[in-house]
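Inside the fold
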Amino acid sequence: MSNYVVRIKGGLFKSSLQRSAAPIFSKAINFFEILSHEKWVFWGPGKSKFMDVIGNKYLCEPPLSLSYGQTKGCLPKVEVVKFQGVMPTAHLSARYEFFKDEFDQTCEKFIKDNSVGSNEVEYDVKKSDRVIDMDLYRFLLKELKLEDLEKRWAMGLSNGQMRRARLARSLLKEPDILLVDDLFLGLDPSAAKIISEFMRDYSRSSIVIGLRLQDHIPEWCTHICCVNEDGILFQGKRDSVEHHLKEVGNQYYSKQQGISASQSTIDDLISTHALYNIPRTRISQMPHSFELRGLNVSYRGEDVIKDLYWKIPPGSKWHIRGDNGTGKSTLLSLLTADHPQSWNSRLVENGVPRRTGSTNYFEINRKIGMSSPELHATILNRSGKRLNLVETIATGFHEGTNNFTPCFDKLSYFQKELIMKYVKFFGLSHISGITKLEDLSVSDQKLVLFIRSIIKMPEILILDEAFSAMETEPMRKCHALLEKWPGTVLVVSHIDEETPRCDNFIKLISPGDYKVGNV
Ligand SMILES: Nc1ncnc2c1ncn2[C@@H]1O[C@H](COP(=O)(O)OP(=O)(O)OP(=O)(O)O)[C@@H](O)[C@H]1O
């Protein structure tokens, strides 16, 4: 008997029972099979949808065309880990504050995923009768470098830390098949190495990872399935499909290049920025956008940022570097006043120390545009079903970066026209008015968030992991736009290809240890 974990035979997949519903892939999948302990890459623009197919998210026609093999005498357990950033919260600032809601749990409880309750009381309410293999739990904590974070509040984990915790949580359920989309997203090089080596050595289940065409395929992957919008292009053992890889990559890029150039130029798109065409000499006389004069941040006595001195002149472009957990998001949340310790006179804004009463949250955020994993998770959670692409971009005109109230109808003619110019420039016109945010690909969601962050022509643009999970071609267009962008830009990114050109960098090494220099 074949030891398959999942198999598709002649299946067409749909998201609804309606006869008229369009299939997820136009072509039926004739045959696809994953055997136990194989390590697959789903590669290409259709990878996330195909993961959902394997994860049993859609209805299949005919009904038994998708089947799961009988491993260990029962149906296989399928675990899906997707890009979700940190914990979704009602408000960005929640991550840095201490209050109770459903996510008020330690990292340990989050990974065990077996109880709900409070940190502060003695009892736990069990939500399943699952027996947790404590040896496996300890093994996962050790291998995924989570031991020091075990008792931490899950809400406070950084992106990279949360990514490792999510993996541990899924693996602790001892799945027969683990599907991880965008495996290396948001990870610093050493964390990426840890996770890659972990996946290489992990042999308790079949593994599928989703990668974009431009991503490097790890050596340990045994099989590759290339999926585009129509369905499977090719599949098989790595050696047998190696020659297709280059061919498909080249075809895809030339197709993307051929997408008709838009009428607007980059100058048309940014010409209303307050610093556009202002001579450098005049800009250099303006006060610094921000200046940190020995800033400190600590949690319960533990330093995260210590004695940080940093001057950010207007119009300067910065790459904020540092491994996962070194405090990059914390630093940015201080600038955007999303952090409780933001009211601090060591933080000087346009020459004025930021004391309580000297300014307010809306005043600060009026001049800031932002895209970040936290914002991505929050907007999807709160408005993903409600707002379409254009309506999402329109919310960028609100004063606060995390105000997602629909406002397109209230915008001026000029504002609406500007949105449409951007939509056209980035080749999104065909999906602009209909597709809800949550139905866009992750790459298009990131692109929409990028446009949203710049639409009000902010003085300061914060791009925290703004290009992770974005396809190459839209990312290049964003980078070309940023080349000409006249305002201050702060970029957090772990991967060189995803980093737009910056003039300066600040590297967070550990509390009290910082490096500032020219790129
Ligand atoms: N509310 C909190 N309570 C305790 N610790 C916290 C809290 N918020 C953040 N931290 C810790 O502060 C450190 C810095 O987190 P931060 O998210 O700023 O890191 P980062 O450099 O942005 O990481 P990444 O690259 O993974 O996004 C981490 O160790 C994190 O666990």
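Reference entry: report on the structure contained in this document. (Residues numbered from 1 in each chain as written. Predicted model: local features only at pLDDT ≥ 70, side-chain atom pairs only at ≥ 80, totals over all residues. Heavy atoms only, no water.)

Topic: helix 14 (residues 442–454)
For the record, the criterion: Helix and strand assignments come from DSSP, with helices taken as H or I runs of at least 4 residues and strands as E runs of at least 2, each series counted from the N terminus. Here the expected span of a helix is defined as 1.5 Å times the quantity of residues minus one. Relative accessible area decides the class of each residue, using a 1.4 Å probe on protein chains only: under 20% of the type maximum gives buried, over 50% gives exposed, and in between gives partly exposed. Only heavy atoms matter for contacts: two residues are in contact if any of them lie within 4.5 Å across the pair.
Between its first and last C-alpha atoms helix 14 spans 19 Å; for 13 residues at 1.5 Å apiece the expected length is 18 Å, and the two agree. Looking at helix 14, one finds that the buried residues are Ser443, Gln445, Lys446, Leu447, Val448, Leu449, Phe450, Ile451, Arg452, Ser453 and Ile454. Residues of helix 14 that are buried in the fold lie against strand 18 (368–371), helix 11 (373–383), helix 12 (389–394), helix 13 (413–425), strand 19 (460–464) and helix 15 (472–484).

Details of the pattern of salt bridges
Applied cut-off: A side-chain nitrogen of Lys or Arg and a carboxyl oxygen of Asp or Glu constitute a salt bridge if their distance falls within 4 Å.
The final tally for this structure, using the stated rule, is 25 salt bridges. Its salt-bridge partner being aspartate 215, residue arginine 212 comes within 3.1 Å of it at the nearest N-O pair. You'll find arginine 212 and aspartate 215 in the same group, each marked buried. Within this structure, Lys47, Asp181 and Asp182 form a network of salt bridges that share partners.

Examining the pairing of strand 14 (residues 302–312)
Worth spelling out the cut-off: Paired strands, as defined in this entry, are two strands with at least two bridges between them according to DSSP.
As paired strands, strand 13 (residues 290–299) and strand 14 are joined by eight bridges and run antiparallel to one another. Within the sheet, the bridge partner assigned to serine 298 lies in strand 14 and is aspartate 303. Taking the residues between adjacent antiparallel strands as the criterion, strand 13 and strand 14 are bridged by two residues, where arginine 300 takes a positive phi near 45°.

Looking at the nonpolar core
The tendency in soluble globular proteins is for nonpolar side chains to be buried as a group. What counts is decided by this rule: Residues belong to one nonpolar core when they are buried, are Ala, Val, Leu, Ile, Met, Phe, Trp, Tyr or Cys, and are joined through side-chain atoms within 4.5 Å.
One finds Trp43, Ile111, Met199 and Ile209 to be the most contacted residues of the largest nonpolar core, which totals 46 residues. A per-element tally of this core places helix 4 (residues 159–172) first, with six residues. With 45 residues, the next largest nonpolar core counts Leu269, Ile270, Val448 and Phe450 among its residues.

Comments concerning the environment of isoleucine 232
Structurally, the position occupied by isoleucine 232 is in strand 12 (residues 232–237). Residue classification places isoleucine 232 among the buried residues on the basis of a relative accessible area of 16%. With 189 residues separating them along the chain, isoleucine 232 and tryptophan 43 place their C-alpha atoms 9.8 Å apart. Those residues in contact with isoleucine 232 that lie beyond four places of it in its chain are Lys27, Ile29, Phe32, Phe50, Cys225, Cys226 and Val227.

Things to note about the sheet that holds strand 6 (residues 78–81)
Where we set the bar: Orientation is described by axes fitted as lines to C-alpha atoms, over the contacting stretch for helices, and by angles from 0 to 180 degrees between their N-to-C directions.
If you walk across this open sheet you meet the six strands as 6-9-10-3-11-12, and the pairing is mixed. Looking at which strands have only one partner, the edges of the open sheet turn out to be strand 6 and strand 12. When strand polarity is set aside, the average angle formed by the axes of neighbouring strands in this sheet is 15°. Judged from the five bridges that link them, strand 3 (residues 39–43) and strand 10 (residues 206–211) form a sheet pairing that is parallel. Within strand 10, the position partnered with tryptophan 40 by the bridge is valine 208. Packed onto the sheet, helix 1 (residues 47–54) meets strand 3, strand 6, strand 9 (177–181), strand 10, strand 11 (223–227) and strand 12 and runs at close to 155° relative to strand 9.

A look at the side chain of arginine 238
Relative to the elements of secondary structure, arginine 238 occurs in helix 6 (residues 238–257). The exposure class of arginine 238 is buried, given its relative accessible area of 13%. In contact with arginine 238, other than residues within four places in its own chain, are Ile217, Pro218, Glu219, Cys221, Thr222, His223 and Ile224.

Re the packing of aromatic side chains
The following threshold applies: In this analysis, rings of Phe, Tyr and Trp, with Trp reduced to its six-membered ring, are considered paired at centre separations within 6.5 Å, and the interplanar angle assigns stacked below 30 degrees, edge-to-face beyond 60, and tilted for intermediate values. Counting as a charge over the ring demands two things of the Lys NZ or Arg CZ atom: a distance within 6 Å of the ring centre and an angle within 35 degrees of the ring normal.
Enumeration over the complete set of coordinates arrives at twelve aromatic pairs. With 5.8 Å between their ring centres and 75° between their planes, phenylalanine 32 and phenylalanine 42 make a pair best called edge-to-face. Of this pair, phenylalanine 32 sits in strand 2 (residues 29–35) while phenylalanine 42 sits in strand 3, and the two are ten residues apart along the sequence. Classification of phenylalanine 42 by relative accessible area gives buried; the value is 0%. Taking the centre distance of 6.3 Å and the plane angle of 40° together, the rings of phenylalanine 139 and phenylalanine 198 count as tilted. Of this pair, phenylalanine 139 sits in helix 3 (residues 134–143) while phenylalanine 198 sits in helix 5 (residues 189–201); the two residues are 59 residues apart in sequence, bridging distant segments of the chain. For phenylalanine 139, a relative accessible area of 34% corresponds to the partly exposed category. For phenylalanine 198, a relative accessible area of 4% gives the class buried. Among the aromatic residues, those joined into a cluster by ring pairs are Phe25, Phe32, Trp40, Phe42 and Phe50. The lysine or arginine in question, arginine 169, covers the ring of phenylalanine 110, its NZ or CZ lying 4.2 Å from the ring centre.

Describing helix 5
So the rule is basically this: Of all possible arcs, the one meant is that of the directions from the helix axis to the C-beta atoms.
With 13 residues, helix 5 should reach 18 Å at 1.5 Å per residue; the first-to-last C-alpha distance of 18 Å fits that figure. All of the buried residues along helix 5 are Ala191, Ala192, Ile195, Ser196, Phe198 and Met199. Along the long axis of helix 5, the arc covered by the buried residues comes to 160°, so they all point the same way. Those residues of helix 5 that are exposed and angled more than 90 degrees off the buried face are Pro189, Lys193 and Asp201. For helix 5, the secondary structure elements touched by its buried residues are strand 3, helix 3, helix 4, strand 9 and strand 10.

A word on unusual backbone geometry
With an omega of -10°, the peptide bond running from glutamate 61 to proline 62 counts as cis. Mapped onto the elements, proline 62 comes out in the loop between strand 4 (59–61) and strand 5 (66–68). A positive phi angle is found at aspartate 307, which is not glycine, with a value near 50°. Inspection of the secondary structure assignment puts aspartate 307 in strand 14. Judged by its relative accessible area of 41%, aspartate 307 falls in the partly exposed class.

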